[in-house]
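A structural walkthrough
Listed here are the chains, written in short residue letters.
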Amino acid sequence: AQTVTQSQPEMSVQEAETVTLSCTYDTSESNYYLFWYKQPPSRQMILVIRQEAYKQQNATENRFSVNFQKAAKSFSLKISDSQLGDTAMYFCAFMKRLNAGGTSYGKLTFGQGTILTVHP
Amino acid sequence: GAGVSQSPRYKVAKRGQDVALRCDPISGHVSLFWYQQALGQGPEFLTYFQNEAQLDKSGLPSDRFFAERPEGSVSTLKIQRTQQEDSAVYLCASSLRTSGMGTGELFFGEGSRLTVL
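Parameters at a glance
- Residues numbered from 1 in each chain as written.
- Chains lettered and ligands numbered in written order.
- Predicted model: local features only at pLDDT ≥ 70, side-chain atom pairs only at ≥ 80, totals over all residues.
- Heavy atoms only, no water.
- 1 Å grid on protein atoms, 1.4 Å probe; cavity = no way out; pocket = protein on both sides within 12 Å on 5 of 7 lines; lining within 4 Å.
- Points joined across faces, edges and corners; volume = space filled by probe spheres on them.
- Helix = DSSP H or I, 4+ residues; strand = E, 2+ residues; numbered from the N terminus.
- Nonpolar A, V, L, I, M, F, W, Y, C, P; charged D, E, K, R; others polar.
- Core = buried A, V, L, I, M, F, W, Y, C linked by side-chain atoms within 4.5 Å.
- Buried < 20%, exposed > 50% of the residue type's maximum accessible area, 1.4 Å probe, protein only.
- Contact = heavy atoms within 4.5 Å.

Digging into the layout of surface pockets
- Taken as a whole, the largest pocket spans an internal volume of roughly 370 Å³.
- If you trace the largest pocket, you find 18 residues lining it, with Gln39 and Met89 of chain A together with Gln37, Leu39 and Gly40 of chain B closest to the centre.
- Among the elements of the structure, strand 10 (88-96) and strand 12 (114-119) of chain A together with strand 9 (88-95) of chain B are those that each provide at least two residues to the lining of the largest pocket.
- What the second largest pocket holds in volume is close to 240 Å³.
- Within the residue set of the lining of the second largest pocket, elements represented by two or more residues are strand 1 (3-5) and strand 11 (109-110) of chain A together with strand 5 (44-50) of chain B.
- For the lining of the second largest pocket, the class distribution of residues is 5 nonpolar, 7 polar and 2 charged.

Topic: the nonpolar core
All names here are of chain A.
- Formed by 25 residues in total, the largest nonpolar core has its most connected members in Tyr25, Trp36, Phe75, Leu77 and Tyr90.
- Broken down by secondary-structure element, the contributors of at least two residues to this core are strand 3 (19-21), strand 5 (32-39), strand 6 (46-52), strand 8 (64-69), strand 9 (74-79), strand 10 and strand 12.
- Top element by residues in this core is strand 10. It accounts for 4 residues.
- Non-local contacts of Tyr90, meaning those with residues more than four positions away in its chain, are made with Gln6, Leu21, Trp36, Tyr37, Lys38, Val48, Phe64, Leu77, Ile79, Gly113, Thr114 and Leu116.

Read these as layout, nothing more, since geometry by itself doesn't imply function.
Here you go:
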């Protein structure tokens, strides 16, 4: 079984500054995907960024980037130029690949979440 | 609809009552998931449907929990004889495909918050 751990229950950052959210995971799988999801107070979970474990290059999406360290099983999220709209709960999630073809029906294992507050 | 729709948004039940939570996925989406999210925690997988077939129900916590998707679109999560520990937000998610899910193409609804008194 996989486990995902987010050790920071809460984080805060000033608007326009940079913040990094931590995530570690434990798995015996060699092929998998990692995700960061954002859940605002409205509760709708939104995908922020994804990383395929076989890719060494760190994923980036505009102001969001990850630091993926496969050997250390670490997957942190960096948010640059933080905005008030970034205030939300952030979840790290793991999904294993079921076969070499890369198929996976989408079962996610989530961490406990980090509440991020961006202050003006 | 444009997104995954869940109803009711809020449900208060007395202990022992049965409840039914509805999920209307994005039209044409083949895969449908239910997750349970306790207060302040991450969502936990309950069950997965591919069209009308329930292919994984390993996360259902007890036989009081039952899910169905009879026509491969709308799904209902039913909880019988509710207990206080069932209080949580129940999230539904859907996806267009059955494979290639590594792209993370899961679309979540806003959830149904169940409170059992």
